[in-house]
Structures are given as C-alpha cells and as structure tokens.
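Remarks on the overall topology
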Amino acid sequence: MSVLVLVEGFNGEIKKSSLEAASYGSQVAQTLGTTATALAIGEVHDDALAKLGEQGISRVLYDNDPRLNNFVTEAYVKVIAKAAAQENSKVIIFSNTNIGAAVGARLAVRLNGSLATNVTQLPQINGSSFTVTRGVFSGKAFADVELTSDVKIIAVKKNSIEITSQGGTATVEKFSAELTDADFAAAPKETVMQDTDGGVLLPEAEIVVSGGRGLKGPENWHLIEELAKELGAATACSKPVADIGWRPHHEHVGQTGITVSPNLYIAIGISGAIQHLAGVNSSKVIVVINKDPEAPFFKAADYGIVGDALEVVPKLIEAAKALDK
Amino acid sequence: MKILVCISNVPDTTSKINFTGDNKEFDKNGVQFVINPWDEYALTRAIELKEAKGGNVTVLNVGEADAEPNIRKALAIGADDAIRVNAHPKDAFFVAQQIAAVAKEGGYDMILMGKESIDYNGSQVHGMVGELLGIPSVVPAFKLDMVNDNTARLEREIEGGKEVVEVQLPFVASAQQPMSEPRIPNMRGIMTARTKPLKVVEPVGNEAKTAYTSFSKPEKKGGVRMIDAENAGELITLLRNEAKVL
C-alpha cells in the first residue's frame, strides 16, 4: 500500500497548499514504512509533476482528461477512488481547499473511511491507533481525533505544514479512470475566475494585508492595495467593510468568512472583534494598526502601532519600497 | 417543493471556549447557544424559495433536548415544522446517517445546511449526505435559484473564483453568504412557532468513524511590541530582521 496525495493545479503549476499536502503525505508514508504516490488531476505541467519528488513523492499518477480541467465533484471522486484502489491506499491526503472539502466527504462514505478535515499537525501513530490534531471552534481550540476506520482520509489545513525539500524526482505515469459522460452530468455551466490583477489568491497567501472601517471609506482602499503589492500580499477585509459594500464578501476574513493562516497578517483599522480573531488567530505573526489604543486586537498582536491608518500606511508603503526584494 | 434544512446548535460566536473533565469535554457552562450562523443562510434562502414558489420547509436537528429553543427559533423565522433526532451528535458520519434516514423517509427535493458548523468546522456532513443518498452535493454555494420546477442553478465558490452549476432535484447544497440575509423572528412568528409541529425521533444506527480524545487551546501570545506611529517604517525593518516574515 502507498499513501495517496491529491494535488491540485493552478495555471499549470501545483498549488502551494498541495505541496504542503505532498510533504505531509510523504512524512506519513515514512512513518508507516511505505511510499507516497501523488494523484494529479487537470492541467499541470509535466516538470511541475516530476518536481513533486522534492516533497518526497516517488510516483505521480496523472489524469489529464481535459474534461477534468474544471472541477466536477462526481468525476473527481471517481478518479480518486480508482487511484486509491489501484494503489491499495489506506491513507489519503489532500489540502483543505473547497475542492478537498467537496470530494473528501463523499470519498469517505464511498471508501467506508474516517475523515478528518482542518488538520494542523502530523499524525500520532501508535500501533493500530492513528490520531490527528485538527482546528475546532473556529480557531479558538484544537482537538485530537482518532481515526478508527481502516481507511483514513486527512484534509490538511493550509499553511500549517512546512513544505519539505529533500531532493529527488518523481516518475510520472499516465492514469485514467475511464470516465463516462454521466460522470460529468453535473459539470459547471460556467467557471469565472476573479481578476486578482496579478495579485495573490487570499486562501493561498503567505502575507495578508487586511483593512477595516478605520480606512474611513472605499476611496482609501488603494492604501491597502499598494502596501499589499509592495509586500507580495493578498488583500482582505473585516466583516463590517464587506457588509457595507466597500469590498466583496469573498475577501471577508473571520468566523463567518474565510479563515486564513498566513505567516504575516497585517490588520489596519480593525478593532479585533472575537469573530474576526477566530478567522486569523492561527497566523504566525500578527501586526495591528489602530488609532484606538484600547482596541482588543492589540492583545492578540505581535507588533502594534497606535495611529491613524491614513497617516501610518503611507509610511509603511515607503519603507516597504525601500526593502531589497 | 419540500425543503429540508439541517441546523446545528452551536456556541454563540462571542463565546469564550473552555474544556472540562481533563480537557476531554467542551464546557457548556455560561455559554449561550445559537443556530449555527452558516445554517441561517440556508434557512432564510429556503423560506424565501417557499414564499416565492410555495412548498414546505422542515427544520432538522440532530441533538439533545437543549437544542429545542433554537429549533423553535427556526420555526419562528418561518420554517413550517421540525424534526429532532434525539441523539448526541457523535461525529459527522453519525449525523449524516441520521439526516439521510430522515431525508429518505420524507422525500425532500432539496437538503440545505450551512457550509460548516462553527464548533467542529468539519465541512463534511453535506457531502456525506449526498453520497449516502446518491444525489449531487454542491458545496459551498453562495447563490441558489430555481430555473424551473425540476432544476436549480447554484453558484459555488472555488479558490480564486466561482462556478455556476445547474442540478436536477433532489440535491444537497451547503450555504454561505451572501446566499440570503438572515432574518430576526417577529412577534407573530414567535407566537405561531409555539404551535408548529416538532417531532422527536430516535436515531438509526450508532456508528461513528472518529473519536474525539482531547482538546487544547492555542498558546497565548508573548505580548505585543509597540512601535511609535512617527517611526512606523521601523515596523517593516522588524518584520524582516526580527520576525523574519518579509
């Protein structure tokens, strides 16, 4: 048996979150004394596939059926189930993306397996007991969960596992699940990608610059965008800002929005309501800029500046421009 | 059209989270419980569809009797009747089995719920229900409309974009904003909710696939280092040289 890792592509490259899943999968394989095989679906360059060897993947199964370029739940589940059967995989790893969440649950029922999502650490394996740690209560706690079925499926939380780099090249093999038209019956009518303007996708970002009502109006949002651009960051916002329509809902970070866990989260003009903190508190370093010294966010911060966003942010942009990149 | 909306009873978003019994159990002491906020998007959209096209909205909760105030609240918001499966929700698979059993018996056209619960954040139940019933699951959806009596059109979020999907009834979908604007129950709703039917049924099977063994809380931060606003640029230097994140 080998550990199976699902990898997702984006613009022909492998997503960072999938490299994390591959690193996770190969470390689990090592503990279990076996190898890790990746399954790639959709459009990914061959050299990007072979480079998965750096994360410890020994073989890559590649299904390049063009109908799979867009995500189709049933078709993806079938491909993964077939690869798992061929590899006799008892452990299946993917990233906790929207695709991962959509296929994981169906796959768990189909393979009669245990599923843990939002997993933040490598498993503790003791004889037949297999326990993972996952984020619960929207970032306010962690839980240890034992996966009691024979087949174990793990969705790894983004940005919680270091990408390993141990050298090596993976062999790439063509793989086909021989899908029929019926598997694509629920294919999307249309796929619309946001124009990130050469920017960074928020859920994948290592640095996030986020703004709240302290920006005073949408006409000042360019400050957030300029700072983000200088730092190679994605932009995000607080719930009130999305609710009043300054920014779209998909940028809203918090308990009822997106949860992010970047290396650096810069909160500008956000007071730090408990619901917002729940969406960001697994960020490695948190910077808070707020004109109110009593803002609760400072208690969760690593670095803080008390000051007006419109005066502080231009200084940060200037300092960021001066960095050697 | 018959719509089944699944709700969970969860700690209010402002709750401080603590554990008891050697960190093995969630401490309910002093915690206010609410309808899972994500489920409210599903509930209000179901009620809107019913108001526009006619039909019936049933609320389903898998939980113990202490969930009933929030089930009544869902009825006050506009659901027609409710079912509670009388069981401690052990894990996602256990809950999905209960929902699938109720759905099979009731013959619903649409099964809606939030994209995840804010307590266990599993995001698993909708897909499991879809698979158990052999019907499509569209997750996470932020728009849901009927194209005709048999077909729904949904928009779902993918990383960096969205997909537009059309599915035949019946199907499962999970909801997130801005699918609908959650409603606050009015006085008339609260009065009528008291007499709306709430059926309590016993669970089917007892199978779970996971076991929660213990809980922990994130480590506290070491304290904040303040930088003078006049020298704000120093922050960038510290982030590079000290925190090493730039």
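It should be emphasised that the depicted structure is a prediction, and the values quoted were computed from it without experimental measurement.

Moving on: the overall build of chain B. Within chain B, the secondary structure is distributed over six helices and 15 strands. Considering chain B as a whole, with its 246 residues, one finds that 55% of them fall into the buried category. Carbon and sulfur atoms provide 48% of the accessible area of chain B, an area that totals close to 10,700 Å². Across chain B, 29 positive and 34 negative side-chain charges occur, with their mean positions spaced 2 Å apart.

Summed over all chains, the structure comprises 28 salt bridges over all chains. The partner of arginine 110 of chain A in a salt bridge is glutamate 74 of chain A, with the nearest N and O atoms 3.0 Å apart. A residue pair is termed long-range when its members are at least 10 positions apart, and arginine 110 of chain A in helix 4 (residues 98-110) and glutamate 74 of chain A in helix 3 (residues 73-87) qualify at 36 residues. Residue classification places glutamate 74 of chain A among the partly exposed residues on the basis of a relative accessible area of 26%. Glutamate 163 of chain B serves as the salt-bridge partner of arginine 156 of chain B, at 3.1 Å between the closest nitrogen and oxygen. Classification of arginine 156 of chain B by relative accessible area gives buried; the value is 3%. Of the residues examined, glutamate 163 of chain B reaches a relative accessible area of 3% and is grouped as buried. Among the ionic contacts, a cluster of salt bridges with common partners joins Glu74, Arg106 and Arg110 of chain A together with Glu131 of chain B.

A grouping of Glu311 of chain A together with Asp228, Glu230 and Glu234 of chain B is seen on the molecular surface, where their side chains present a negatively charged patch. Along the chain, the position of glutamate 311 of chain A falls in helix 8 (residues 309-322).

A surface patch of positive charge is lined by Lys299 of chain A together with Lys16, Lys217 and Lys220 of chain B. The residue lysine 217 of chain B is located in the loop between strand 14 (210-216) and strand 15 (225-227) in this model.

Attention now goes to the sheet that holds strand 1 (residues 2-6) of chain B. Taking strand neighbours across the sheet as the criterion, the 10 strands line up as 12(A)-11(B)-10(B)-9(B)-12(B)-8(B)-1(B)-6(B)-7(B)-13(B) in an open arrangement whose pairing is mixed. Each of the sheet's edge strands pairs with one partner strand only, and the pair in question is strand 12 (190-193) of chain A together with strand 13 (198-201) of chain B. Neighbour-to-neighbour, the strand axes of this sheet turn through a mean angle of 25°, independent of strand direction. Bridge analysis of strand 8 (residues 110-114) of chain B against strand 12 (residues 171-175) of chain B gives five bridges, and the strand direction is parallel. Within strand 12 of chain B, the residue paired with leucine 112 of chain B across the bridge is alanine 173 of chain B. Sitting on the sheet, helix 2 (residues 68-77) of chain B touches strand 6 (56-63), strand 7 (81-86) and strand 13 of chain B, and the angle it makes with strand 7 of chain B is about 160°.

It is worth spelling out the domain arrangement of chain A at this point. Residues and elements named next belong to chain A. Taken domain by domain, chain A holds domain 1 (3-184) and domain 2 (202-322). Between the C-alpha centres of domain 1 and domain 2 the distance comes to 32 Å. At the interface, nine residues of domain 1 touch 14 residues of domain 2. Between domain 1 and domain 2, roughly 980 Å² of surface is buried when both sides are summed, and carbon and sulfur atoms account for 36% of that area. Inspection of the region where domain 1 meets domain 2 yields zero salt bridges. Our enumeration of links across domain 1 and domain 2 arrives at six residue pairs in polar contact (both at pLDDT 80 or more). Considering only residue class, the side of domain 1 that touches domain 2 consists of no nonpolar, four polar and five charged.

At the interface, 73 residues of chain B touch 81 residues of chain A. Of the roughly 6,700 Å² buried between chain B and chain A on both sides combined, carbon and sulfur atoms contribute 58%. Run the count over chain B and chain A and you get two salt bridges. At the boundary of chain B with chain A, the tally comes to 34 residue pairs in polar contact (both at pLDDT 80 or more). Looking at side-chain class alone, the side of chain B that touches chain A contains 37 nonpolar, 19 polar and 17 charged residues. Across six bridges, the pairing between strand 9 (residues 141-147) of chain A and strand 14 of chain B is antiparallel. Bridging across to strand 14 of chain B, phenylalanine 142 of chain A finds its partner in serine 216 of chain B.

A word on the sheet that holds strand 16 (residues 285-290) of chain A. In space, the six strands of this open sheet follow the order 14(A)-13(A)-15(A)-16(A)-17(A)-15(B), with parallel pairing throughout. The open sheet has two free edges, formed respectively by strand 14 (234-237) of chain A together with strand 15 of chain B, since each of these has just one partner strand. Adjacent strand axes in the sheet meet at a mean angle of 20° when their direction is disregarded. Of the strand pairs in this sheet, strand 13 (residues 207-211) of chain A and strand 15 (residues 264-268) of chain A are connected by five bridges, and their pairing is parallel. Its bridge partner lying in strand 15 of chain A, glycine 211 of chain A is registered against isoleucine 268 of chain A. Sitting on the sheet, helix 6 (residues 234-241) of chain B is in contact with strand 15, strand 16 and strand 17 (303-306) of chain A together with strand 15 of chain B, with an inclination near 145° to strand 15 of chain B.

About the criteria used
- Residues numbered from 1 in each chain as written.
- Chains lettered and ligands numbered in written order.
- Predicted model: local features only at pLDDT ≥ 70, side-chain atom pairs only at ≥ 80, totals over all residues.
- Heavy atoms only, no water.
- Helix = DSSP H or I, 4+ residues; strand = E, 2+ residues; numbered from the N terminus.
- Buried < 20%, exposed > 50% of the residue type's maximum accessible area, 1.4 Å probe, protein only.
- Areas by Shrake-Rupley, 256 points an atom, 1.4 Å probe, with all protein chains shown as cover.
- Lys, Arg positive; Asp, Glu negative; His and termini not counted.
- Charge placed at Lys NZ, Arg CZ, Asp CG, Glu CD.
- Salt bridge = Lys/Arg side-chain N within 4 Å of Asp/Glu carboxyl O.
- Patch = residues over 30% accessible without salt bridge, like charges linked within 9 Å, V, L, I, M, F, W, Y side chains within 5 Å.
- Pairing = 2+ DSSP bridges.
- Axes fitted to C-alpha atoms, helices over the stretch in contact; angles between N-to-C directions.
- Contact = heavy atoms within 4.5 Å.
- Domains from an automatic or database assignment.
- Buried area = accessible area lost by both parts, 1.4 Å probe.
- Polar contact = N/O pair within 3.5 Å; in protein donor to acceptor, adjacent residues only side chain to side chain.
- Nonpolar A, V, L, I, M, F, W, Y, C, P; charged D, E, K, R; others polar.

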